[in-house]
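So you can see what is in the structure, the chains are spelled out below.
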Amino acid sequence: MRCKINRNAAKELHKILAQDDAEGKMIRVYITEMHGNHAHYGISLDTPKEHDEIVKTDKDIDILLDTREDFLDGVFIQYFYVGDHPGFTITNPKKGGHVHH
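Below is a short write-up of the structure. (Residues numbered from 1 in each chain as written. Predicted model: local features only at pLDDT ≥ 70, side-chain atom pairs only at ≥ 80, totals over all residues. Heavy atoms only, no water.)

Okay, unusual backbone geometry next. If you check the backbone angles, aspartate 60 has positive phi at about 65° while not being a glycine. Assignment of secondary structure puts aspartate 60 in the loop between strand E4 (52-56) and strand E5 (62-66). (Helix = DSSP H or I, 4+ residues; strand = E, 2+ residues; numbered from the N terminus.)

So this is what it looks like as structure tokens:
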């Protein structure tokens, strides 16, 4: 499985992983909703489970992805500091669909 992270997202994910309650945990990307040709994603702190793959990224952050979910393979985690609502945007360019912020 594959996962990409932009530089801003890496900076914000490192902050999450540095929190006291994050000790021993990793970043998980999961599907919150499916709509036929695209999915909506979320991020949480978690520990590896039976069906997870630990995906190494080029930003020195390991991401947990459930191998049973095809829409997780190829996710792109981005963080934007734009406007009044900075935050994460997670898409899967391999799966088409549209972007939600």
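Quick look at the pairing of E5 now. For E5, a buried count of four out of five residues is recorded, marking the element as mostly surrounded by other parts of the structure. Bridge count between strand E2 (residues 26-35) and E5: two bridges; the pairing is parallel. Paired with arginine 28 across the bridge in E5 is leucine 64. Pairing of E4 with E5 involves five bridges; the strand directions are antiparallel. Each bridged residue has a counterpart across the sheet, and for aspartate 52 the counterpart in E5 is aspartate 66. (Buried < 20%, exposed > 50% of the residue type's maximum accessible area, 1.4 Å probe, protein only. Pairing = 2+ DSSP bridges.)

The next point concerns the sheet that holds E4. Pairing is mixed in the open sheet, where four strands are placed in the order E3-E2-E5-E4. Where the open sheet ends on each side, the last strands, each with one partner, are strand E3 (38-46) and E4. Taking the axes of each pair of neighbouring strands and ignoring which way they run, one obtains an average angle of 30° across the sheet. Helix-sheet contacts for helix H1 (residues 7-18) involve E2, E3 and E5, and the interaxial angle to E2 is about 115°. (Axes fitted to C-alpha atoms, helices over the stretch in contact; angles between N-to-C directions. Contact = heavy atoms within 4.5 Å.)

Let us look at the nonpolar core. In terms of nonpolar packing, the biggest core is built from 20 residues, with Ile5, Val29, Tyr41, Ile63 and Ile77 touching the most fellow members. Elements with a contribution of two residues or more to this core: strand E1 (3-5), H1, E2, E3, E5 and strand E6 (75-80). In this structure, tyrosine 41 is in contact with Val29, Tyr30, Ile31, Thr32, Phe71, Leu72, Val75, Ile90, Thr91 and Asn92, ignoring residues within four places of it in sequence. (Core = buried A, V, L, I, M, F, W, Y, C linked by side-chain atoms within 4.5 Å.)

What follows concerns H1. Every α-helix winds through 3.6 residues per turn, so residues three or four apart in the chain are directed the same way. Compared with an ideal rise of 1.5 Å per residue, which puts 12 residues at 16 Å, H1 spans 17 Å between its outermost C-alpha atoms and is within 8% of the ideal. Considered for burial, the residues of H1 that qualify are Ala9, Ala10, Glu12 and Leu13. Packing partners of the buried residues in H1 comprise E1, E2, E3, E5, E6 and strand E7 (87-91). (Expected span 1.5 Å × (residues − 1).)

Glancing now at the environment of aspartate 62. Its place among the elements puts aspartate 62 in strand E5. With relative accessibility at 26%, the residue aspartate 62 sits in the partly exposed group. Separated by 23 residues in sequence, aspartate 62 and alanine 39 have C-alpha atoms that sit 21 Å apart. Setting aside chain neighbours within four positions, we find aspartate 62 in contact with Met26, Ile27, Ile54, Val55 and Lys56. In this structure the side chain of aspartate 62 is engaged in a polar contact, spanning 3.2 Å, whose partner is the side chain of lysine 56. (Polar contact = N/O pair within 3.5 Å; in protein donor to acceptor, adjacent residues only side chain to side chain.)

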